[in-house]
Amino acid sequence: MEVENRTQSTTEDGLDSLNARTMERKPGWKAVLFIIGNETIERIATFGIMANFTVYLMTMFHLSHVGAANVISIWYGVSNFIPIIGASLADAYLGKFKTIAMASFGTLVGIVLLTLTAWVPEFHPPSCTSEQQACVPPTTTQLAILILGLSWLGIGTGGIRPCSIPFAIDQFDTTSSDGRKGVSRFLSSYYNTQTLVMLINNTLIVQIQSKSWVKGFGILALLMLCAIIIFFAGARTYFYLPAEGSIFSGIAQVFIAAYKKRHLKNPTNEEEVVYFDPPLRDDKTVKIPLTEQLRFLNKAAMIQNNEVNEESLVTNPWKLCSIQQVEEVKCVIKIIPIWASGILCLIPMAQGGIFPVIQAMKMDRHLGSHFEIHPASFSIISLISIGIWLLCYDLFLQRALAKVTKQEEGLTGLQKIVIGNIFSILTMVSGGLVEWQRRSVAISHDALHGVKPMSAMWLAPQFAFLGLCEVFSIIGQTEFYNSESPEKMRTLGNSLQFLVAGFSSYAGALVMNIVHKVTRKYGKTDWLNNDLNAGRLDYYYFVIAGLGALNLVYLLFCAKRYRYKVIVNAQVMGTP
């Protein structure tokens, strides 16, 4: 997340008078309460759409298992790529307030369009009847409206996600102790409301949608409208920081300068060459010394003739960069191998609302004789496992682990990422074993069409492991990116989290489609058959687990070779 500290403030267009009142004292919680209210309701609206969307696509649009999974995987991937664009636009041109405001209206348009696909008969296929041998598939126009709604939803969330947390942090004076404590409390509140949102979506919203898709989606559209009203209600309270310009040009300058000086030789002795190392303009920015890693980039900081004028300023930033610029780029490059390991690790999370939900639909979901759990509501088990772990870690485990690992935080971000990968594998192994048993019981009871001979509570370990995978992977990545990214690049570092989720979604879809086509063409049966009992979903789970095991070996190799960021007058941050 981006934390911006300034001694003077400027405003976005037309907001000079508003910021004049807050130059000496930022509003803090007075403004953040509006942001939390907006963000909480917005997440209920957007996550509520997707909480039960697999069932919606299969029942209202008559898509197959693979078809529904493809639609959700593509949307999930796109919606996690867009935050990179949203963050860049906010930093370079629009500012956070305008980006969130415009994206919120985009989200509202998307939810309204999806509501219309359920409300207007011409926007979805006709209902199946008992006389029909096959349900009528959706038309091209109906699919186009559906995709248009998902596209607007993705654009909206892509603008809101990377900006909401940094915009809230802007409201605190992080140069003071009270301001830093306020940021810490805000982040805790943000994660707690995230859990509350998922509980509401997977219980109340899902139950409403199971009775009426129109009412379920319509309520979410009204909630999104309320979120927009709350956000604008705090407009006169917020503290605004202007767009600063994109960091990508600075990264490009380092590579181009290093390429132009590729003929130079790296010195054997540091005294043989002069590097450009001017004092930092911002005294709050951490100084990074020159390192020997990725030495070819050091050439970008080597001073040649006429590259520095009499005022010690660079004459051409595309030919000469500072040591600080070079080392900041190195930090980003070093993160990439660890970042790449998240692609396969997060596949179970990307598909957590697809195949486990389909499994639950084929199992006995009753608690007692009268109450039946909705298939999409089993993800509550993941939330419970997250809550229990966080509580135990904060109260007991952190101090105990700190004594063992010699780390104040108990576990470093990189160690949490490794543990998250292990739970990712366990999620798939557990799911495969349960599916193997469920299929065997179903076939023995009713040939290939048995539905409810086995309790869906056997899915609990799979969802519990999925929750632990999420809490270790996501929190670990957040801590790792924030500690290892340079201050000016933390927005980019946090955007990597969305980017890896997008790649993970596409990687999962790629593996799924390869398995679907290969087993259908060369195997005796399609592993991902529409009839779950005729397919072999358990084999598919084991394939993902195998890929996860290979990915874990790669991650351990990268973690062992990783060298933490070094700062002036400080120790190396963390241990591999």
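Refer to the structure printed above.
Conventions we followed
Residues numbered from 1 in each chain as written. Predicted model: local features only at pLDDT ≥ 70, side-chain atom pairs only at ≥ 80, totals over all residues. Heavy atoms only, no water. Helix = DSSP H or I, 4+ residues; strand = E, 2+ residues; numbered from the N terminus. Expected span 1.5 Å × (residues − 1). Bend = angle between axes of the 7 residues up to and from the residue. Buried < 20%, exposed > 50% of the residue type's maximum accessible area, 1.4 Å probe, protein only. Phe/Tyr/Trp six-rings, centres within 6.5 Å; stacked < 30°, edge-to-face > 60°. Lys NZ or Arg CZ within 6 Å of the ring centre and 35° of its normal. Core = buried A, V, L, I, M, F, W, Y, C linked by side-chain atoms within 4.5 Å. Contact = heavy atoms within 4.5 Å. Arc of directions from axis to C-beta. Disulfide = S-S within 2.5 Å. Axes fitted to C-alpha atoms, helices over the stretch in contact; angles between N-to-C directions. Parallel < 35°, antiparallel > 145°, perpendicular 65-115°, else oblique. Left-handed = near helix turned anticlockwise from the far one by under 90°. Nonpolar A, V, L, I, M, F, W, Y, C, P; charged D, E, K, R; others polar. Salt bridge = Lys/Arg side-chain N within 4 Å of Asp/Glu carboxyl O.

1. Notes on helix 10 (residues 323-345)
Okay, so step 1: Compared with an ideal rise of 1.5 Å per residue, which puts 23 residues at 33 Å, helix 10 spans 35 Å between its outermost C-alpha atoms and is within 8% of the ideal.
Okay, so step 2: A maximum bend of about 35 degrees is found in helix 10 at I336, where proline P337 lies one to four positions downstream.
Okay, so step 3: Extensive coverage of helix 10 is indicated by the burial of 17 of its 23 residues.

2. Quick notes on the packing of aromatic side chains
Okay, so step 1: Scanning the entire structure with this criterion turns up 30 aromatic pairs.
Okay, so step 2: Taken together, a centroid distance of 5.2 Å and an interplanar angle of 85 degrees make the contact between Y562 and Y564 edge-to-face. Taken as a pair, Y562 and Y564 share a single burial class, namely buried.
Okay, so step 3: Among the aromatic residues, those joined into a ring-pair cluster are F97, F105, F167, F231, F232, Y238 and Y240.
Okay, so step 4: The ring of Y259 has R262 sitting right over it, with the charged end atom 4.0 Å from the ring centre.

3. As for the nonpolar core
Okay, so step 1: Membership of the largest hydrophobic core comes to 84 residues, with the highest contact counts inside it found for I49, F53, Y56, F355 and Y540.
Okay, so step 2: Counting residues per element, this core draws most heavily on helix 17 (residues 537-561), at 9 residues.
Okay, so step 3: Setting aside residues no more than four positions away along its own chain, F53 makes contact with I72, L114, L146, L150 and F217.
Okay, so step 4: Among the nonpolar cores identified, the runner-up in size contains 21 residues, and I36, A101, F231 and Y240 belong to it.

4. Observations regarding helix 9 (residues 248-260)
Okay, so step 1: Here helix 9 is 13 residues long and its end C-alpha atoms lie 18 Å apart, about the 18 Å a rise of 1.5 Å per residue gives.
Okay, so step 2: Listed as buried for helix 9 are I251, Q253, V254, A257 and A258. The arc that holds the buried residues of helix 9, viewed along the axis, is 155 degrees, so those residues lie on one side.

5. Focus: the state of the cysteines
Put plainly, a disulfide is one covalent bond tying together the sulfur atoms of two cysteines.
Okay, so step 1: Counted under the stated rule, the structure contains 1 disulfide.
Okay, so step 2: The disulfide bridge from C128 ends at C135, spanning 1.7 Å between sulfur atoms. Handedness of the C128-C135 disulfide follows from its S-S torsion of about 135 degrees: it is right-handed.
Okay, so step 3: Overall, C135 belongs to the partly exposed group, its relative accessible area being 38%.

6. So, the packing of helix 4 (residues 65-94) against helix 6 (residues 140-170)
Okay, so step 1: The interhelical angle for the contact between helix 4 and helix 6, taken along N-to-C directions, is 45 degrees, at an axis separation of 7 Å. When the axes of helix 4 and helix 6 are compared, the pair comes out oblique. The handedness of the crossing between helix 4 and helix 6 comes out as right-handed. Where helix 4 approaches helix 6, its residues V71, W75, S79, I82, P83, G86, A87 and A90 are matched on the opposing element by L150, L153, G154, I155, T157, G158, P162 and C163.
Okay, so step 2: Residues of the contact of helix 4 with helix 6, tallied by class, amount to 11 nonpolar, 5 polar and no charged.

7. A look at the pattern of salt bridges
Okay, so step 1: Scanning the model with the defined rule gives 9 salt bridges in all.
Okay, so step 2: In this structure, the salt-bridge partner of R161 is E39, at a minimum N-O distance of 3.8 Å. Taken as a pair, R161 in helix 6 and E39 in helix 2 (residues 29-51) lie far apart in primary sequence, 122 residues in all. With respect to burial, R161 and E39 carry one shared label: buried.
Okay, so step 3: Members of the salt-bridge network, linked through shared partners, are E39, E42, R43 and R161.

8. Topic: the side chain of N80
Okay, so step 1: Among the secondary structure elements, N80 is positioned in helix 4.
Okay, so step 2: Those residues in contact with N80 that sit more than four places away from it in its chain are F498, L499, A501 and G502.

9. Overview of the environment of W339
Okay, so step 1: Looking at where W339 falls in the secondary structure, it is placed in helix 10.
Okay, so step 2: Using a relative accessible area of 12% as the deciding quantity, one classes W339 as buried.
Okay, so step 3: Taking the C-alpha atoms as reference points, W339 and L555, separated by 216 residues in sequence, lie 9.4 Å from one another.

10. Observations concerning unusual backbone geometry
Okay, so step 1: Phi is positive for L294, which is not a glycine, with a value near 50 degrees.
Okay, so step 2: The residue L294 is located in the loop between helix 9 and helix 10 in this model.
Okay, so step 3: The class of L294 is partly exposed, set by a relative accessible area of 27%.
Okay, so step 4: In this structure, N306 takes a positive phi of about 60 degrees despite not being glycine.
Okay, so step 5: Topologically, N306 is positioned in the loop between helix 9 and helix 10.

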